[in-house]
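Listed below, chain by chain, are the residues.
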Amino acid sequence: MHPDWISRRFTRLVELSGLPPVRLHDLRHLAATLSLLAGTDIKVVQEKLGHSSRQITSDTYTSLLPEMTRAEAESVMAVVPRDVPFEVRTALEIPETAWQGDIGIFFTHGARQLGDTWAVGAQTQPDSDLLGMTELAGRGQEDAANASVKWIRDHCTANGLELVRVENFNDRYPEEQRTDFSLTHFTIARSKAPRVDGWALPQGLPPTAGRSARRASSGRRKAA
């Protein structure tokens, strides 16, 4: 089919649909944007679009998505060590209700007390019982969030759990409340990947190309 016919046909279909006008090429941008927003690796999107480099994809699309910029910044923040001293008032205990299979999800909610003292409690829901509590002297909600990350990471290390994801929800508070409250979302896992040395080659696999080539070479040498 001739490309111009496809473009004209698409334009007509858009008119008949009553939707806002959009070019056929715009669907390409929309697909790429939604893929990135859904968390698809940018390398996969690059190959789908046929871009010659990841940089072209990044320059074209990521600047359009503030959600991606924020998520990336929060991911980096979560792995950067922050030395915010805190004291555990109640040891963290994660109940079975917080787990969905091998994935556990809960929040740490911080609130400013007197002066610069912050109390941070872990909960599965806003109205649920505390799973544990810490206290710290911090300069603001970011210190409370960083202390929460350190608290949960230490707990995971001590109990053989994996800290999968950290999301900072501080910006979800109204501007006038951000100096007094902090909210951080955690996703952890209690299943570990098996050790490599525990695996053995399954029986009945077809020979690999390398083994076939070696056998053929060996057969030729014997024939010679």
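Look up: the structure comes first, before these words.
For clarity, every value in this text was computed on a predicted model and none was experimentally measured.

The subject of this paragraph is the overall build of the protein. Secondary structure assignment for the protein yields 7 helices and 7 strands. In the protein, the order of α-helices and β-strands from amino to carboxyl end is α-α-α-α-α-β-β-β-β-β-α-β-β-α. Relative to its 224 residues, the protein shows a buried fraction of 30%. Within the protein, contacts between residues separated by at least 24 positions form 54% of all contacts whose residues are at least 6 apart in sequence. When the accessible surface of the protein is split by element, carbon and sulfur atoms take 56% of a total near 15100 Å².

In this section: the nonpolar core. Ranked by size, the top nonpolar core spans 15 residues in total, and within it Leu-92, Ile-94, Phe-106, Ala-122, Ile-152, Phe-186 and Ile-188 carry the most contacts. Where this core is concerned, the elements lending two or more residues are helix H6 (141–158) and strand E7 (181–189). Residues in contact with Ile-94, not counting those within four places in the same chain, are Trp-99, Phe-106, His-155 and Ile-188.

On the surface, Met-1, Trp-5, Ile-6, Val-22, Leu-24, Leu-27, Leu-30, Leu-34 and Leu-37 cluster together to form a nonpolar patch covering roughly 830 Å² of accessible area. Among the secondary structure elements, those contributing two or more residues to the nonpolar patch are helix H1 (3–17) and helix H2 (24–37). Of all the elements, H2 adds the most residues to the nonpolar patch, at 5 residues. Note that Leu-24 resides in helix H2. Exposure remark for Leu-24: the relative accessible area of 34% places this residue in the partly exposed category.

Along the chain, Thr-57 turns up in helix H4 (residues 54–61). There is a polar contact of 2.8 Å between the side chain of Thr-57 and the side chain of His-51.

At a minimum axis distance of 10 Å, the contact between H2 and helix H3 (residues 42–49) shows a crossing angle of 165 degrees. In terms of orientation, H2 lies roughly antiparallel with respect to H3. Of the two possible hands of crossing, H2 and H3 adopt the one that is right-handed. The segment H2 lies against H3, with Arg-28, Ala-32, Ser-35 and Leu-36 engaging Ile-42, Val-45, Lys-48 and Leu-49. Here the contact of H2 with H3 is built from residues that sort into 5 nonpolar, 1 polar and 2 charged.

Moving on, we come to the pairing of E7. Burial of E7 is extensive: 7 of the 9 residues sit out of reach of the surface. The sheet contact formed by strand E6 (residues 162–168) and E7 spans 6 bridges and is antiparallel. Within E7, the residue paired with Val-166 across the bridge is Phe-186.

Each value, and the rule that gives it
- Residues numbered from 1 in each chain as written.
- Predicted model: local features only at pLDDT ≥ 70, side-chain atom pairs only at ≥ 80, totals over all residues.
- Heavy atoms only, no water.
- Helix = DSSP H or I, 4+ residues; strand = E, 2+ residues; numbered from the N terminus.
- Buried < 20%, exposed > 50% of the residue type's maximum accessible area, 1.4 Å probe, protein only.
- Contact = heavy atoms within 4.5 Å.
- Areas by Shrake-Rupley, 256 points an atom, 1.4 Å probe, with all protein chains shown as cover.
- Core = buried A, V, L, I, M, F, W, Y, C linked by side-chain atoms within 4.5 Å.
- Patch = residues over 30% accessible without salt bridge, like charges linked within 9 Å, V, L, I, M, F, W, Y side chains within 5 Å.
- Salt bridge = Lys/Arg side-chain N within 4 Å of Asp/Glu carboxyl O.
- Polar contact = N/O pair within 3.5 Å; in protein donor to acceptor, adjacent residues only side chain to side chain.
- Axes fitted to C-alpha atoms, helices over the stretch in contact; angles between N-to-C directions.
- Parallel < 35°, antiparallel > 145°, perpendicular 65-115°, else oblique.
- Left-handed = near helix turned anticlockwise from the far one by under 90°.
- Nonpolar A, V, L, I, M, F, W, Y, C, P; charged D, E, K, R; others polar.
- Pairing = 2+ DSSP bridges.

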